[in-house]
Amino acid sequence: MAKRIRRAPGVAEAKDFRAREAFDQGLEDLLKLVGSRTYNVPSISAGGTETFTITVTGCRADEGQTVQLGLPSTVSTSLVPWGYVSADDTVTVVFYNPTGSPINPDSATYSVRVMP
């Protein structure tokens, strides 16, 4: 399950600095699960997939965590990318080629953020 964070302080809590501090800390903790990797994705055959992993310290498998991908602008728009937490501290990124011809992406830096 996704981890809930404390709601933002409302009007009644406007002067309670601890409420704002608790909210900010929860948000900061949420945004810490990030990682990146420079990788040269090999040629992906028609209808094929290619996977690689990125280390994200703190992410946990089987907890329903959402993975956001940060893709470079050079990635082919024909590829279908997705990512998932495959093991503790590891995100697997998958590229699927739905086209009828191979695609050979350039070497690039890929980033991920895991939302607890």
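Source: prediction; values computed, not measured.

Novice: Is there a simple way to explain the nonpolar core in this structure?
Specialist: In a soluble, globular protein the nonpolar side chains are often hidden away together inside. If you look at the biggest cluster of nonpolar residues, it comprises 21 residues, and the most contacted ones within it are F52, V56, V91, F95, Y110 and V114. Of all the secondary structure elements, the ones that give two or more residues to this core are β2 (49–55), β5 (90–96) and β6 (108–115). Per-element accounting of this core gives the leading share, four residues, to β6. In contact with V56, other than residues within four places in its own chain, are L33, V34, G35, D89, T90, V91, V112 and V114.

Novice: Help me understand the packing of aromatic side chains, please; the structure alone is not making it clear to me.
Specialist: Each pair of aromatic rings is reported with the distance of its centres and the angle of its planes. A complete count under the given rule lists four aromatic pairs for this structure. With 4.5 Å between their ring centres and 25° between their planes, Y39 and F52 make a pair best called stacked. Residue Y39 is located in strand β1 (residues 34–39), and its partner F52 is located in strand β2; the two are separated by 13 residues in the primary sequence. For the residue pair Y39 and F52, the accessibility class agrees, reading buried in each case. Put simply, the rings of Y39, F52, F95 and Y110 touch in pairs and so form one group of aromatic residues.

Novice: When you look at the sheet that holds β6 in this model, what are you seeing that I'm missing?
Specialist: Adjacent strands of a sheet pair through backbone hydrogen bonds, lying either parallel or antiparallel. The sheet built from three strands is open, its strands ordered β1-β6-β3 with antiparallel pairing. With one partner strand each, in any of the chains shown, β1 and β3 (66–70) form the two edges of the open sheet. Across the sheet, the axes of successive neighbouring strands diverge by a mean angle of 25°, strand direction being ignored.

Novice: Please clarify how the environment of Q65 should be interpreted in this entry.
Specialist: Relative to the helices and strands, Q65 resides in the loop between β2 and β3. Here the alpha-carbon distance between Q65 and V114, two residues 49 residues apart in the chain, equals 6.4 Å. Residue contacts for Q65: discarding those within four places in its chain leaves L33, C59, R60, V85, V114, M115 and P116. Within the structure, Q65 has its side chain in polar contact with the backbone nitrogen of R60 (distance 2.8 Å).

Novice: When you look at the sheet that holds β2 in this model, what are you seeing that I'm missing?
Specialist: Pairing is antiparallel across the open sheet formed by three strands, whose spatial order is β2-β5-β4. Strands with a single pairing partner mark the edges of an open sheet, and in this sheet they are β2 and β4 (80–87). Here the strands of the sheet are splayed against their neighbours by 25° on average, with no regard to which way each runs. In this sheet, β5 lies alongside β4 in antiparallel orientation, the contact comprising seven bridges. Each residue of the ladder has a partner; that of G83, found in β5, is V93.

What counts and what doesn't
- Residues numbered from 1 in each chain as written.
- Predicted model: local features only at pLDDT ≥ 70, side-chain atom pairs only at ≥ 80, totals over all residues.
- Heavy atoms only, no water.
- Core = buried A, V, L, I, M, F, W, Y, C linked by side-chain atoms within 4.5 Å.
- Buried < 20%, exposed > 50% of the residue type's maximum accessible area, 1.4 Å probe, protein only.
- Helix = DSSP H or I, 4+ residues; strand = E, 2+ residues; numbered from the N terminus.
- Contact = heavy atoms within 4.5 Å.
- Phe/Tyr/Trp six-rings, centres within 6.5 Å; stacked < 30°, edge-to-face > 60°.
- Pairing = 2+ DSSP bridges.
- Axes fitted to C-alpha atoms, helices over the stretch in contact; angles between N-to-C directions.
- Polar contact = N/O pair within 3.5 Å; in protein donor to acceptor, adjacent residues only side chain to side chain.

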